[in-house]
Structures are given as C-alpha cells and as structure tokens.
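So the chains spell out like this:
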Amino acid sequence: SIGRIAVHVLYGLRVRRIGATSISNGLVSSAGNSALHTGGSTSTRVSSNESRIIMALSEGRGDAMCEVGIAAINVDCPSLVLCQISDSQSYVNTLTKINVLNPTEILIPSTFVESFTTNRLLQKVKEHFTHIKITGVHRKSFNKNTGLQYIRQLCIPNMNSVLLVVQHRYYALAAAGGLLTYAEVTLYVMYAKESVKIEYQESEGCAIIGKNDCGSRVNTYL
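Residues numbered from 1 in each chain as written. Predicted model: local features only at pLDDT ≥ 70, side-chain atom pairs only at ≥ 80, totals over all residues. Heavy atoms only, no water.

## With respect to helix H6 (residues 170-185)
- In this model, H6 (16 residues) spans 22 Å end to end at C-alpha, consistent with the 22 Å of a helix rising 1.5 Å per residue.
- Summarising burial for H6: 13 of the 16 residues are buried, a large majority. (Helix = DSSP H or I, 4+ residues; strand = E, 2+ residues; numbered from the N terminus. Expected span 1.5 Å × (residues − 1). Buried < 20%, exposed > 50% of the residue type's maximum accessible area, 1.4 Å probe, protein only.)

So, in structure tokens, the structure goes:
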C-alpha cells in the first residue's frame, strides 16, 4: 500500500522502497526503474529511454565560438565528469573527449538543430559518432546557475573542492545544467543530496595520430 516502507537486502545492498519510489546508493528512481551495485559488478535494469552514460554539450557564440562545455554522467553509479575545452574549428579535442567518455546519448541545445546554418560542432559529432543518439534539449536548460546549483547540492562532501575549479567554467556549468535537468525531468532520475562523485577533467593529454602517421586514424588519451 502507498506509504508502506519496506527494506530489502539484495546481495548486501540495502534498498529502501517508499510507495512507488526506490532509493539506492543515492539514486532515486520511479517505479519500474532500479539500479543495483555490488562490489565491482553492476546489475542494472532501466527503462528503454534511459542510457548508461549521457553527455551534454554546450558551445559559446561569437568570440567564444569553439569554447565547448562537456558534462557526462553515468546514470547508474552515479559519477559526473565536467570539462571545458578551448578547441579549434576541427573540434579535434572535443571529438577525442567524446570518444574517451563513450556516451550512448548526447544532448545538445535545440538551437543547434533549429539554426538556419548548420552547426559545425553538431555536424562533426554526427560524422564521427553515427552510432550515438543525439537529442535536442530546450536551450534554457543549459543554464550556468542551474548547473552550479545542482553541483553544490549533489557533490559528495570530500570532493567539493571541485566547486573552486568549475565556478568560472561557464560552458561546463551550462552543460551540467542541461544534463541534470534532462535526467530529472525526462528520465525521472533524481539524486540524493551529497551523493554524486563529481570531477573536473582538463582536455590536456589528448592526441590524434593521423592516417599518414600509422595508416589508420587512432584516438589516444594519455
């Protein structure tokens, strides 16, 4: 019945169910969705519209063009990675970062699709990652203040020094806002306070070995 609280112990993992909602390792999901984590293995059951790793991309305009913000979350763990890249028009560093994080879905502002001129970043992503689902999200979701609010609320206490790094990374925060809003509003996935591992990663250490160098194109992350 609604309101009844039952405690289940599954493979050493404590899962509390309250009505139609379950809380597991800081992940709050609606009925029908659950994520179980035990030791080094993961057993996951998610609805068909959920992806394991979801990424959001934001980009500056005008003088800030090619300044790319990236936020990627493992929906099941949860673990959030933020990055901001000052890229070139080839977007080689952004494409390499996408390849390393290996998302199954990429979120972009809907204006990338609705623009009269083809967005170069979107075009490059589609060319190089034909297997990844690309979803347009309302641009107002890509908000710096929303992203910063989410990070302050969700970051586990012993990693909150990341706030000092990301507070001036406008596009990384905007991407985080779009990503976490999408997770909450569209996927109905909400995270408990101070339950998410959040880290900021620099783009340095990425290298592209061209076809002329070794006969085939290889992405390397050092």
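## A closer look at the packing of helix H1 (residues 92-101) against helix H3 (residues 120-128)
- Two elements in contact, H1 and H3, have axes separated by 11 Å at closest approach and are oriented at 45°. As far as their axial angle goes, H3 and H1 are oblique. The crossing of H1 and H3 is right-handed. Facing H1, whose interface residues are Thr 94, Leu 95 and Ile 98, H3 presents Leu 121, Lys 124, Val 125 and His 128.
- Of the residues belonging to the contact of H1 with H3, the class tally is four nonpolar, two polar and one charged. (Axes fitted to C-alpha atoms, helices over the stretch in contact; angles between N-to-C directions. Parallel < 35°, antiparallel > 145°, perpendicular 65-115°, else oblique. Left-handed = near helix turned anticlockwise from the far one by under 90°. Contact = heavy atoms within 4.5 Å. Nonpolar A, V, L, I, M, F, W, Y, C, P; charged D, E, K, R; others polar.)

## Quick word on the pattern of salt bridges
- If you walk through the whole model with that rule in mind, you get two salt bridges.
- Its salt-bridge partner being Lys 133, residue Glu 105 comes within 4.0 Å of it at the nearest N-O pair. Placement of Glu 105 in strand E10 (residues 105-109) and of Lys 133 in strand E11 (residues 133-137) is noted, with a sequence separation of 28 residues between them.
- Given a relative accessible area of 0%, Glu 105 falls into the buried group. (Salt bridge = Lys/Arg side-chain N within 4 Å of Asp/Glu carboxyl O.)

## A short note on H1
- Those residues of H1 that fall on the buried side of the exposure criterion are Thr 94, Leu 95, Thr 96, Lys 97, Ile 98 and Leu 101.
- One or two positions beyond H1, positive phi appears at Asn 102, with a value near 55°.

## Considering unusual backbone geometry
- Between Cys 77 and the following residue, Pro 78, the backbone shows a cis peptide bond with an omega angle of -5°.
- Note that Pro 78 resides in the loop between strand E8 (67-74) and strand E9 (79-86).
- Its identity is not glycine, yet Tyr 91 carries a phi of approximately 55°, on the positive side.
- When its relative accessible area of 2% is taken as the criterion, Tyr 91 is described as buried.
- In this structure, Glu 194 takes a positive phi of about 55° despite not being glycine.
- Residue position: Glu 194 is located in the loop between strand E12 (189-191) and strand E13 (197-200).
- By relative accessible area, Glu 194 is classed as partly exposed at 42%.

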